[in-house]
Every structure is written in C-alpha cells, then in structure tokens.
Amino acid sequence: MARTDSSREMSLFEMWNHRKERGELLQRANQLRLGPSQLTQLLGDSGVRAALQNTRTASLLPPVGTEVFRRLTPASLAQIQQGLDAREDEKNKEVAKDDPPKPARDLEAGKPLPFIYRDPPPELLNTALQELDPFYQSQKTFIVIGRGNIIHRFNAESSCFLLSPFSPLRTFAIKILIHSVFRFFIMATILTNCVFMTMINPPAWIKTLDHVFTAVYTFEAVIKVASRGFCLGKFSFFRDPWNWLDVLVILSACVEEFVYLGISPIFRILKIIPLIPGLKKTVGDLAQSVKRLAGVIGLMVFCLIFFALIGQQLFMGALMNKCVMWTLASNSGNTDIDFNDFKINHLNHYYLPGVLDALRCGNSSDAGHCPEGFTCLRAGSNPNYGYTSFDSFGWSLLSMIRLMSKDFWENLVHLLLRAAGKFAVILFVVLVFPGCFCVLSLAVAVVAMACSEAGVSEATDREEEFSRIVAVLKRREEEEDGREASRAALTEDQENNMEGVDEKQRTCPPCWFVLANFLLKWNCCGCWRWLKQRLYAFVTNPFFDLGIVVCIVLNTVFMSLDHYPMTEKFWQILGEANLVFSAIFAAEMVLKLVAMDPYGYFQVGWNIFDSILVVLSLLELLFAEDYPFLILRVLRLARWWPSLHMLMKVVWRSLSALRYLTLLLFITIFLFSVVGMEMFHDRYSHNFCKISLDCQLPRRHMADFFHAVLVVIQAMGGMWVEAMWDCMEVSGKTTCLLFFMMLLPIANLLVLYLFLTLLLSSFDHPASPEEKEKNNLHVALNRIRSAVRTLLGKKTHINPEHMGKTPINPEHTAVDSKDHLALTVVTSDQTGSEVNILAIANTAKMPEKGQEKKKHPEDDDRGNRPEDCCSDKCLCCCPFLDVDTSRGSGRVWSNFRRACFCIVRHKCFDNFIILIILLSSATLVFEDIHLHHRPVLQTVVQRVEQVTTILFLMEMLLKWIAFGLKKYFSDGWCWLDFLVLQVSLVSQAAAMIGYADLELVSLRALGPWRALSRFQGLKVVVQTLVRSVSSVFSVLPVVLVVWLIFCVCGVDFFAGRFSFCFNETSEEIFTHNMVNNKSECFDLVMQNYSEVRWQNQKLNYDNVGSGFLSLLHLAASAFSQDIVYSAVDASMMESQPVYEYNPYMHLYFICFFIFGCFFTFILFIGVIIDRLQRDKSAGIPIFMTAEQQKDVKRLVMKPQKPVPRPQNQFQARLFDLVTSRWFGVSMATVICLNMVVLMMETNDQSMEMEIILYWFHFLFIILFLVEFILKIVGLRRHYFTDGWNILDFVVLIMSIMGIFLSDNMGRYFLPVTLFLVLRMLRVLRVLSIFRYARGTRKLLLSLVMSLPALFNIGVVLVIITFSSSVFGMSTFGFVKREAMIDDIFNFETFVSSVLCVFTISTSASWGDLLRPLLNTPPDCDPFMEHPGFPVIGNCSSPALAIAFFVSHLFLCFLLLVHLYIAVVMETFGSDDDEQLSEDDLQMFHNTWREFDPEASQVIQYSQLSDFCDALQDPLRIPKPNSVRLIHMDLPLLPGDRIRCVDVLLALASQVVGDSEKMNALKAKMEERFNPSKVSCEPISSTLQRKQEVVAATVIQKAYRKHVLQDRDAQETTGESVDAGGH
C-alpha cells in the first residue's frame, strides 16, 4: 500500500527521471523465469514452502507431493460439488471475513502461466484440468491450457444443460475455440469482410459473400456457446461483453435482410479487438484512463455549457447582420416592394469575391461597416449554411466546441468582430481561451498520470515476488549440505532467468545454418582471405567512416540544390553528381561485402538499409526514373549522430512497443471511415449541388472510402467543422452531429494517449549525457583535433601553460556574474592592482551573519559598495584610469559613485524606472498609421518619447557610474537596456535630421522587454526559456534534417506545378479546358488581355527554402488548404492545375504530419522536460520564485476553522439546515434548473415564451435570496468567510440589479458594452455549482497551485505579444489588403495588430496573414502613394516578414509548452485522489458530533466500528472492519475510550500515507480538534488489547490442555496401582 501511495505522489519530474527504470521494469516483468532445478525445489521442498507461507505465491502452489496439473475427472467434479453443498449448509454459521478471497491476478483467463509453474506435459495441453487458482477451486470451474501456456477458464456445469465437461462434442468445441488456426481463420474472415466494405459499387455476388461471412460468424458463436454455455455461469458466452459483438453481428445481418440499418460494419470491425489479446488489454487500459478522466470530462462539459451561455447572451442574433443594398430612397414611390422580402433576397446582399456568405456588419462604432450604398440590417440566415450562430444554446455549444478544438476559430472570431464589435469579442475571447486551456491542460495531466501508472504496480509486485522466491531458494540451498553441482545448477538457472531472450532468437533449424555457411561465408583461398583482411582493416578504419559521412553530406547538399526554374547545364551537373555519389556508395557496399562476407554484412541493420538505397539508385540508373526517396541517404547519418538515432528509435518504438495502441488507432480510423461512407455515400452523390457552386463533389466528402479516410484523419487533426457543415447540409443535422461528436473525443483520446505513452516511455533523450562509447566518426575527429593541437602547440609553446591557469577564472566569473542589483565589487578606495587579491580573499571567506562591524568602511561587505569601473585589461592598457581613491579628487569620485550606487539600489528607483517603462510602452500604442492626422497627439507622443529617452539615458549613466562599465556590460539585461536606448537615441536623432522612416526605429518595440528584469518571477521564466532554447537547438538540426527529406521530395513532386493562369479582374482561375499550360496563358497576355497573369502560389515547393516555409505553415496550422489542394491539383510542370488530378498526394502530407510533426514534436517536448528536470534537480527555480511557491502553499493549505454552532435554538436549527447534505443537493438542483432555463432562450422566441422565462428568472432570484437569508441568519458573520458565499452574494446583487435594469431600459439608457456585461452576469450564478462538486474542486486545486507559474508565463506572453504588435504596426502598417488582411485584421492600428499577432500566436491561418506580406511587384505597388501619409508603397520585405512570423511562432510555441508543463507538473504532485480537503474534515466533524453529542472528544471503543462505517469516502472504512481497526493501533483511554484526534490521524494516514503532507495535516487537525480537553493518558492500544486477548486465549487453551493431561495421567496411574494391587 505504501508503494502505491508513493507512486501516486510522484511528481512529474520524478516520474520523468525514472521513465527508463519503469520501461526496464515492464520488460523484466515479462521475462521472469525459474530454472528447472528451482521449480523442482519450489514445488517439492516443504522448507521452501514454510519460508514462503506469508507470500501471495504460497497460496497458488499445490500441496507438497501433489501434481500441479491434474485432469478433471468425474470424481474430482463430484468432490467439488460435495464441497459446495457443505459450504451451503454452513453458510449461516460462518462469520463474515474482513478480506474475502479474490481471484489471483496472475491466473486470470487469457494470461500465460506464472513463472512459479513449469510447462505442462504435452498430453495435458488442450485438456480439461482442475483449477490452479484457490479462489476458483471451491467453484465448479476448470481450466484448459492452450498453446503458449495461455489459461482458458470454463464453467464445469453442463453447457446449455446438454454438454457436460466430459462430453466429446464439448471437448472438441473447446479444442477448436482455443486453437490458433481457428483464431486465424476468424481474423482472415473479418479482414476479408473489411476489404469488401470499402467498395462503393460492389458486384452482384457480394450479397452471397455477405451470407457466407454471416455463416462464419454464426459458426463461431455456436462454437463458443457449445464450449462455454449460454448464460449460466461466470464464464459463459453471455457473461463476456466482447461476445455480445457476435450476437449483434448476427442480429444486424438478419435485420438488414429486411431493413437496411448500416450498423453491421461497426460490429464486424470491432470483432478484431477480442481476437488480439494485447489489443484487448489496450482497450481495457483506455477504459481505465477514461474513468480517471471523469472529473475532467465533467469540468469540460460544464465549461462548455458556461461559455456557451455567455456567448448566447452576448451574440444572440448578431451574426444575422448583413450589408443590404439601400434603395428605399430611389424607390420611395413604389409601394409594391415588400421590405422583408427585399432584405431577405440574397441578390441584394454584398458579397466579397470568392466568399459564399454575405459580408457581416454591426451597428456599433467598433464593428464592421458596410461599403457605400449598403446598410447594415438583420436579415436572412446565419453564415455557413446557418450552422454558425449563437441564436440558441445548441448552436452556441457547437461554436464553443469549435473554439475549444481551435478548428477554423479565426473565421468565427472574424465574423463576431464584424458583427458585435471588438469589445464584446475581446471580452469573450479573454474568458474562453484561458478557460479552454486550463481544461485541456488538466485533461493532458490526468491522461499522463494514467499512462505513467499503467502496468507499473503489477510489474513491481511480480518482480518483488520473484526476487523473494529466488532469495528463499538460495538461502535454502545454502542451508543444506548439498553437492556443488546442485549449487552450480542453481546459480546457472538464476543467471539465465533474465537472459532467456538470446535462446529465443535461435529459432532457425540447423539446415539453415549449414546453408548460410556455404553460401554467405566466402573463404575461397589464402589470397582471398588476405584480401579480406586488408579490406576489413580499410572499411573499419575511422577515416573511412569520415569519408562516407562527408559524401553523404555532399550528396544531401547537391540534392537540396534542385529548384525551379533550373537551367539545362545546372540540371546536368546535378545528374552527374548523383551518378558519382551512387558509384561511391555502391563501391562502399561492394568493399564491405567482400571484407565482411554477406553473412557478416547483413547482420548489421544499417548495412541492410545501405544496400536498399544502393539498389534503388541502380534501379534509377537502369530505368532512367527519378527517385526522390534517395534523399533517405541522409538518414544514414543516424549511425554516427546520436540525436538522429534517437528520433529513429522513437519511431521504431511507436511501431513495435506501442503496436497495439497504434493498431487500435488504425482500427478507429477504418471504422469511422467505413461507417461514414455507408451512412453518407448516397446523400453526397445526390445532394452535392447544395454545397458546391459548380455542382461537383467538394474536396471533403465521404462518397468513397479514400475521401472518407481523409475526412476522418483531418477531423483527428482538428479540421472537422467544415466537413460537418457539408455533411449536415446534404444529409441532415442529427446523423452528422452524432457521427462527428463521437469521432472527436474517441480519436483525440487515442492520439493523446499514444502521444503521452510514447513521450513517457523509457528512451534516453539527446539532452542526456553522451554515451561513453565513441563511434568511428568521433575517433577520426578526435585524431584530427589532436593533430591540429599538436601543430599549434609546436608553434606557440606557451599556450598549454596559459591554458592550465585558466580554471581560476571561471570561479571568479561565477562569483561576479550575479544579479546587478546585488553586485560584488571592491572598494573604491583601492587601486586596480588590488582587485584580484581582494576578489580571491572575498571568495575564499564570505562574511557571516552577526559578524561585528569593522573599523573602516572600506573593509565592509563588497555587495554594499561599487566595483572598479574598468576591467583589468583596461587598467593595463590605460594606467591613468587607475586612480587613487583615498585622497583628493579620487576621494570625491569614490563618494560620488557611492551616492549613485545607493540611488540605483533603492527600491523607489526601480519603481520609478518601471513607471517610465510603462509610460514609454504606452506611447508605442498610439504610433499607428493615423498618428500623422492627429497633430496634438503626435506632439504629446514625441515629447513623452524625448523625456523617457532622457530618463533612460540618465539611468544608464547612473548605472555606469555605480556599477562600472565592466559589471554593466557583463549583464544581459543591461545589454538589452543599452541596445533599446541606442535605438531610441538613433530614432530621435533621425527625426531631428528628417529621416523619420528609418527601419531601425521598429526595434523600439523591444522597449517593454526591459520590464522583464524588474520582476523576479518574469526573470525566472525568461531564464527558463533561455535554457530550454539551448536544449531545443540541440535537436533542431535533427528536425531540419527530417524536414529536408520532405522538402527534397516536395521539390521533386511539386516544383513548377503550383502556378496557374489567373484573371485579376474577376479573381477567378481559368479551368484546364480553357487554358492548359503556361504557353497558352502567355498567348492570352499577348492578345492584350491585361487582366490575365501566370501566377504562382506564395507558399510553394519551387526550392528547398520555399519548401521549408510551406512545411512550417503545414506544421503550425495542421492543415493548409492552398498548399494541400494545390498539390492535389498539380498535374505537369508549367501546366494549369486540374481539379483532384492526383488525390493520393494527400499521403505525402499525412506522412509529413506523422514523421515530420508528431515524432519531432515528441522530441522537442522530451528535451524541454529533460532540461526542466535537470534544473529542478539542481534547485534552480523554473516557473515561479520561492516566495510565490510559499504564498500559494500558504493559501491552499491554510486551515479553515469550522463554523461554530450558534447557541440560539432558532439559529441552531437554521445552521443545521444550511449545513446539511440535502440542502446542498437541493441548491445544486436549483442551479442546474437555472442553467436549463437559460438554455431555453432563443433568438426567435415568442413574447409568451419571453414572459415565462422572465418569471422563471424572477423565481430563481427569490430562491437564491431565500438561501442568502437562511445562511446569513444561520452562519452569521461567518457567512463571508467562505469564498463561495461571497460569489453567491455578488451574483445575487447583480441579478437583482438586472431585474430593475430590464432589457428595454438597458437598451435605451445604458451603453451597449455595459448592457452586454449585465446580460453576461446572469450566467455567473452557474459557477456556484462548483461548491457542491467535490471531485472537481479537488481537480481544480492543482490548477490553483500552478496559478503563479501561469501568471508569470502569461505576463511574458503578453509582453511578447505587445512588442510583436508594435513591431508589426510600425513595419507592416501599409501592406496591401488581401487574403486575411482586411479592415479588421491588419497592422494599421494597435488593436488590429494585436488581433493579428494573437492569431499568429495560436498558429491559426497565419499563412493567410503572411501571404500579403510576401508580395513583390507586380503583386504590389512599391510607388503607391497614400494621401495624407508620408509613406510610399504597399509592399513589405518578405525576408523580414518571414523572420518576424517564425520568431514569434517559436517563442509562443515555447511559452505554450511551458504553460502546459506547469499545469501538468502541479497536477502530478497534487495527488488529487488522496488529498484531504476541508469538506472531508468537516464531514468527519459532523459525523463525530452524532456519536459524541456532549462534545467530550471521546467515544467508546465499541462504537468505533459503527463510526468508521458511517463516514464518507475517502475516510470511510466499511464493515466488516474489525481487523483494519485493530491494525491501526489506536491508543485506548481508561474505560475503553478513544480520542477524536487519534481516530482522525489514523484515518488520515490511511489516505495520505507517511509523507511530509501528513505532518501539515496533523498540525491542522490538532488545531481544529484540540486534544487538551482530554487529560487522561492512554493505558493501552487496540493492537495491544488484541494481542493481550490472543495471548490470554492461548494461555487458557494451554492451561486447559495441561489440566486435562494431568487428569488423564492421574487416572492412568490410579488404574495401574489398582491393577498392581490386584
């Protein structure tokens, strides 16, 4: 039990640090074996049994001298029946046991025999045997051991009342059922059936084949029923839920003969799971993790409901606002026009080019506006076929699910911005995104905990049991005077216990070894062997490997030079280089084959990989085909590159160790694909014109199997909402919603489980210490390095001596590199020559606390006075700087420096600088493109900039004087201040001389970063980020190499194929029937069609650089329509794209998402966690400071005293009422009903419905008011000591205000923003439900513990977002509006720039924002004039834009990853299931009060059993509990009484365990339940009392036996005397 508790309390970093040991433990547990001599001794030695009598293993072994495997006979079955009858008669006489027997975990059905049993004899395989499990030995069951020693358990009752266990028919059925051929036959049938499921138009004979499949499934069910029985017995057919699939398959097949349901494929595919034992176990583990997720799922559902209600209150009906043509003035005389019909008509709406929905607008000042001639009216339907809205709770909930999954969320936010304004949307987003993040991070944490604990406890128990058995056997062998041979045999068996894998590898028959020696080992003659020896020495030379590595690198470089357009000469050069490298690698293969023989060559896996690539290159030369897969040669570097080798190990582990989980994921994809095709094929085929303007199937459909698979995979990747809209439009809402709402949680849980299991598996990350063994490449490089050092050492002989003295400097640097606010300097009175001596003296002996004050101030602590201004080198170069500070001007200078030092170290100085930083940052907000039109504001901004620049200059000068130049420029934060100040000075100087457009001015956006060094929490986060970046950069080359493979393949596939002929006027692409290629497009241009252009996609694969950018867009956005669809439509080079020309190109992107994103992301997360773990082990703070940790622990662990019961009878009754359980349940019910009433509101509800809902709201307010009155009377002033009560009070006041400020009054007398906030406050009362959800509150505790870390990281993210917004506003403010750059999303104002940067931070469609920034002439006009603005042109710098986007993406990625890790880390350490809360202590107090009404704090020992049974979880110990209470060893007071505190501490230790938290809980409990009232000292304990009773019983029995023996002896003596007398 202690081990389980410790495992549950293990923190994230402890678990991460032991991940390798955990993996090795699971591997060892599956390989535990006992040798033959050990098994013989274990089964036949009574001494060994006696030593193991208290272990779990002893109960599983048969009595000594009996056979382990015994046939089931009628006699043994009759004996079992007699035992059952005897126990039935004695059932009423038995006393209930505390620990009833349980089935042995190692002898469960479907598992192999444990290591304590030897292999059964061959004649007993597939034969009915008596039970091995003691639990089932008393029941009518038997086992059958099949192939691989797998246990199968059956009922001994007659099957279907006809077939006894000895019936030949049942025996034959059992042999068929457990035979591997039968399982293989059923598996082949299911797979064949699955293949035919993928056919769209199956042949006519498929119906007959389906009947054959049904017959096979029926035969399987009959075999199972005949062998197991139908439903009677624990192991009958119907008692196994997996067998229900067989019944459902047969029933669905029969029903579909008359009515087509389309559900039969579901059950047939799921039948694969029970046929594979490992897959079945994986499903069970997933089910257990779902149980762990119950609290998170409840919290997620509540958050979705809460946010959906908020969205419904804020945006109900807003998305129906459209820009409608305003023609009433011109048609004022025409009275026949129906205005409602006019505004509903879509021909009168304004549409943007290429957009299906009309332009949305709003009537507030910050909402979107209509173009001239149109006005904003509420008309028509909602966007996206009417499925995107907040008009009712259902559609609002669907939008919340869309936001939480971040699927096309930027489109929803864009629509809301145009319709409702920026304030409401920002308010909504600020609430929704943090809430969704917290819920998702908690889900990740809980699943990670489930993954880390899977199988560990069972493996640990098995290994401990094995070690104990081996120790007992060894001890028993040492005690006996046996032969040395026996001891040697035992030792040999023990050594081979864990090394039985090598024997399993030799599975080939001897003839194969003879054939291999004859054909694969070339030993012809002496000359040949001499040649082999020379070649072997050559190919194993380290410089040979170095040469191969150089060739691989050069080959990769040449393959990366492929681009479009490319000259013929350059193409020939690349072809010749490919020939040369192919020849080199072929020669390498031949040399190694000759040197190592084929037998030795193909023993190495890397050689097999090399040979495959050589064969591919030869095929390329033979068939003159271009194989881009030869770029896989770069993977050969993994042989010498540990990081790349680790990535390949991760991939291999996912395909081997996690094969069952991966297989389950594939089954899920196949299942939903087949079901989607079956359900929606006909609907898509007949109704596709509803979702396509040109009446052709859209790209996302489920009309065939391949596209259905694509839809499912995209949904798993987070792109599901658009496919669901199309599905609902063609097939109906209900079925499509059901399909996608089932697909999303199942698929995401599987992917998350796979990701975390792979991340937490036992592999070493590249960030770990390097391996001790060096490969040949390292040896060659070390030789070259030593040779270079030798040459340099001959030329400069003094270097080695100088190098030997350098270790002194790092210590000095380490001491001096502290924070600049606590600098360590020498006194200003001493000369520079004394610096080193004093530094060494101070580092050798630091001043202690409490030391007496020294006589001279010069001898005071170095941290309180400035250091020397210049470094030692400067003093040597410029001796005049070495000033004597003990007299004259030097003395004045020293005093001045001391004054400056005191100023800059004062707290007010820091606060003043922070204020100046905030003021300077605030001025950056106003520097948008409209500042030139506001001369007054421009003047104010300029003056503030000048003042802040002067103040920062003074700060720098003060620090120079106080700290010295050496110390100032040795600090990174001071460098940041210096650089930002230089940029400000340059910008001010440029403005004075008329160069206001200097691009360097944009770097002023880094100004807010100076605030990071002023707050310790933010500085800790930044330092953690810097260390994480260094770890990420260590594996970044590996990721770039993997991406390079996909880039080269993409260039080969798509170079020159993303271009198209485009009509700029109509903004339409010509079809391939109109324009076939580039030549025809230029012919149109030559015919004076000026609007026609041959255009290329901004993100393409024309070269490796563009390929990297495209892959980054794919990886960050999860899916890019322009890239993927252009690749699918690509036909030939310089040809017009053809719709769905090659749909199988989707496979390229699927492979990239798997290998280029999924596995590399695991690598990134792994090195980040590894870096954080090492920092945590070294005692370095990572997310929050020590003070913040103490504050949050003090806040969470603060004891809350119980509210005293009032003396007044009326108040006491109200107190009992409001603190009772049913009162809380009733109020939770009222809150839920209030939520239901809020859900009933709709946009088009009638007036009667609105009145009914109004009175319902009024009724709920009355109920909450009554609750408040009852609590305030019963709890008195203690009401406001509970945070939940304060929330209830605030919400009640707001609700009452909402009654008086009704909707109509709010609409006309309140601002729109305040009115929206008041409507939103109606939903806040729902939050009170948390006070009654105990499990959710415990889950949220970990979130509260991580709040300081989240705050620190969040503030850093806000500062980075602010700086990026200012930089984008100053750099890309005049970019041409296209793609996603419009009147809402742009860089023209600060708010719009923040929206753009926020979109980039979430990596949502950031390519659409980047695409306008990549424009070059003629796509943009560099000489375009902006009236009223001094800027010319609407182009930007593509290189600068790419650098800006990529850097911001990278920083946000790191911050978000650390946010998740912060929450997961606290969740791992919070032991949510075992932490006692205030509710638990209050529950204990209330229950104790029932047993102790006089508040004496003691009860009778006889009442303890009832008391522990009356408690609630987790403190409850249900009856029968006498044994557990005795072992708790509670102290007994005189009169057999027990104290309250002793009981509470004992129960708490059962929950929390022996840990440091128990000490804190003990102090809290003693504070709450003061034991000083009970003055009596304990005289005994429960365990001691039980021992006394047992001892007395033993003594009485012995004395009674002794008396009886004496009496018998006396009687015998008397009889003998009498006989002698006679």
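All values reported here derive from a predicted model rather than from experimental measurement.

### Thoughts on the nonpolar core
Thought 1: One finds Phe 315 and Phe 740 to be the most contacted residues of the largest nonpolar core, which totals 261 residues.
Thought 2: Per-element tally for this core: the top contributor is helix H43 (residues 1016-1054), with 20 residues.
Thought 3: Once residues within four sequence positions are removed from consideration, Phe 315 is found in contact with Phe 390, Leu 416, Ala 420, Ala 424, Val 425 and Phe 428.

### What about the pattern of salt bridges?
Thought 1: A full pass over the atoms with the stated rule returns 35 salt bridges.
Thought 2: Its salt-bridge partner being Arg 1093, residue Glu 1064 comes within 3.0 Å of it at the nearest N-O pair. Placement of the pair is Glu 1064 in the loop between strand E6 (1060-1063) and strand E7 (1068-1069) and Arg 1093 in strand E8 (residues 1092-1095), with a sequence separation of 29 residues.
Thought 3: A residue is classified by how much of its surface remains accessible, and Glu 1064, at 35% relative accessible area, is partly exposed.
Thought 4: The partner of Glu 1378 in a salt bridge is Lys 1376, and the shortest N-O contact between them spans 3.9 Å.

### A look at the confidence of the model for the chain
Thought 1: For the chain, per-residue confidence averages 77 on the pLDDT scale, and residues scoring 70 or more make up 76% of the total.
Thought 2: In the model, residues 1-9 has pLDDT below 50 throughout and makes 18 contacts with residues more than four positions away in sequence or in other chains.

### Some thoughts on the packing of helix H29 (residues 659-687) against helix H30 (residues 705-716)
Thought 1: The interhelical angle for the contact between H29 and H30, taken along N-to-C directions, is 125°, at an axis separation of 8 Å. It follows that H29 is oblique to H30 by the angle criterion. Classified by chirality, the crossing of H30 by H29 is right-handed. Mapping the contact onto sequence places Leu 665, Ile 669, Phe 670, Phe 672, Ser 673, Val 674 and Met 677 in H29 and Phe 705, Ala 708, Val 709, Val 712, Ile 713 and Met 716 in H30.

### Notes on the packing of aromatic side chains
Within a pair of aromatic rings, the relevant descriptors are the distance that separates the centres and the angle that separates the planes.
Thought 1: As enumerated under the stated definition, the model contains 69 aromatic pairs in all.
Thought 2: Plain terms: the ring middles of Phe 755 and Phe 1158 are 6.0 Å apart, the flat faces sit at 65° to each other, and that makes the pair edge-to-face. With Phe 755 in helix H32 (residues 733-759) and Phe 1158 in helix H47 (residues 1146-1177), this pair connects stretches of sequence that are 403 residues apart.
Thought 3: Ring centres of Phe 1280 and Phe 1289 lie 5.6 Å apart, and the angle between their planes is 85°; this geometry places the pair in the edge-to-face category.
Thought 4: Taking the relative accessible area as the measure of exposure, Phe 1280 reaches 40% and is therefore partly exposed.
Thought 5: Put simply, the rings of Trp 1043, Phe 1046, Phe 1053, Phe 1054, Phe 1058, Tyr 1101, Tyr 1148, Phe 1149, Phe 1152 and Phe 1153 pair up and form one aromatic cluster.
Thought 6: If you follow Arg 699 out to its NZ or CZ, it ends over the ring of Tyr 1125, 4.4 Å from the centre.
Thought 7: The cationic tip of Arg 1010 hangs over the ring face of Phe 952; the distance from NZ or CZ to the ring centre is 3.7 Å.

### Considerations on the state of the cysteines
Thought 1: Summed over all chains, the structure comprises six disulfides.
Thought 2: Linked covalently through their sulfurs, Cys 689 and Cys 695 form a disulfide whose S-S length is 2.3 Å. Given an S-S torsion of about 135°, the disulfide between Cys 689 and Cys 695 has right-handed geometry.
Thought 3: By relative accessible area, Cys 695 is classed as partly exposed at 40%.

### What to know about the environment of Leu 1112
Thought 1: Assignment of secondary structure puts Leu 1112 in helix H45 (residues 1104-1117).
Thought 2: Separated by 45 residues in the primary sequence, Leu 1112 and Cys 1157 place their C-alpha atoms 9.6 Å from one another.

### Focus on a nonpolar patch on the surface
Thought 1: A contiguous nonpolar surface patch, about 810 Å² in accessible area, is contributed by Met 1247, Ile 1251, Tyr 1254, Trp 1255, Phe 1258, Ile 1262, Leu 1265, Val 1266 and Ile 1269.
Thought 2: Residue position: Trp 1255 is located in helix H51 (residues 1247-1275).

### Brief notes about helix H57 (residues 1390-1401)
Because an α-helix packs 3.6 residues into every turn, residues spaced three or four apart end up facing the same way.
Thought 1: Over its 12 residues, H57 extends 16 Å from the first C-alpha to the last, a length consistent with the 16 Å expected when each residue adds 1.5 Å.
Thought 2: Within H57, nine of the 12 residues are buried, which leaves it mostly tucked inside the rest of the structure.
Thought 3: For H57, the full list of buried residues reads Phe 1390, Ser 1392, Ser 1393, Leu 1395, Cys 1396, Val 1397, Thr 1399, Ile 1400 and Ser 1401.
Thought 4: Just downstream of H57 lies Ser 1403, where phi reads positive at about 55°.

### Quick look at the sheet that holds E8
Thought 1: Strand order in the open sheet formed by three strands is E7-E6-E8, with antiparallel pairing between adjacent strands. In the strand order of this sheet, the two ends are held by E7 and E8, each with one partner.
Thought 2: Helix H44 (residues 1078-1086) rests against E6 and E8 of the sheet, and its axis sits at about 150° to E8.

### A look at the sheet that holds strand E2 (residues 141-145)
Thought 1: The three strands lie next to each other as E1-E2-E3, forming an open sheet whose pairing is antiparallel. The open sheet is flanked by strand E1 (128-129) and strand E3 (151-155), the only strands paired with a single partner.
Thought 2: Pairing geometry for E2 and E3, over five bridges, is antiparallel. Each residue of the ladder has a partner; that of Thr 141, found in E3, is Asn 155.
Thought 3: Each of E2 and E3 touches helix H8 (residues 168-178); the most contacted strand, E3, lies at about 145° to it.

### Focus: the pairing of E6
Thought 1: Both faces of E6 are covered, namely the face carrying Phe 1060 and Phe 1062 and the face carrying Cys 1061 and Asn 1063.
Thought 2: Where E6 lies against E8, four bridges are found, and the strand directions are antiparallel. Paired with Phe 1060 across the two strands is Gln 1095, which belongs to E8.
Thought 3: In the sheet, E6 pairs with E7 via two bridges, with the strands oriented antiparallel. By the bridge assignment, Asn 1063 is partnered in E7 with Glu 1068.
Thought 4: The loop that links E6 with its antiparallel partner E7 comprises four residues; one of these, Glu 1067, has a positive phi angle of about 55°.

Analysis parameters
Residues numbered from 1 in each chain as written. Predicted model: local features only at pLDDT ≥ 70, side-chain atom pairs only at ≥ 80, totals over all residues. Heavy atoms only, no water. Core = buried A, V, L, I, M, F, W, Y, C linked by side-chain atoms within 4.5 Å. Buried < 20%, exposed > 50% of the residue type's maximum accessible area, 1.4 Å probe, protein only. Helix = DSSP H or I, 4+ residues; strand = E, 2+ residues; numbered from the N terminus. Contact = heavy atoms within 4.5 Å. Salt bridge = Lys/Arg side-chain N within 4 Å of Asp/Glu carboxyl O. pLDDT = per-residue confidence, 0-100. Axes fitted to C-alpha atoms, helices over the stretch in contact; angles between N-to-C directions. Parallel < 35°, antiparallel > 145°, perpendicular 65-115°, else oblique. Left-handed = near helix turned anticlockwise from the far one by under 90°. Phe/Tyr/Trp six-rings, centres within 6.5 Å; stacked < 30°, edge-to-face > 60°. Lys NZ or Arg CZ within 6 Å of the ring centre and 35° of its normal. Disulfide = S-S within 2.5 Å. Patch = residues over 30% accessible without salt bridge, like charges linked within 9 Å, V, L, I, M, F, W, Y side chains within 5 Å. Areas by Shrake-Rupley, 256 points an atom, 1.4 Å probe, with all protein chains shown as cover. Expected span 1.5 Å × (residues − 1). Pairing = 2+ DSSP bridges.

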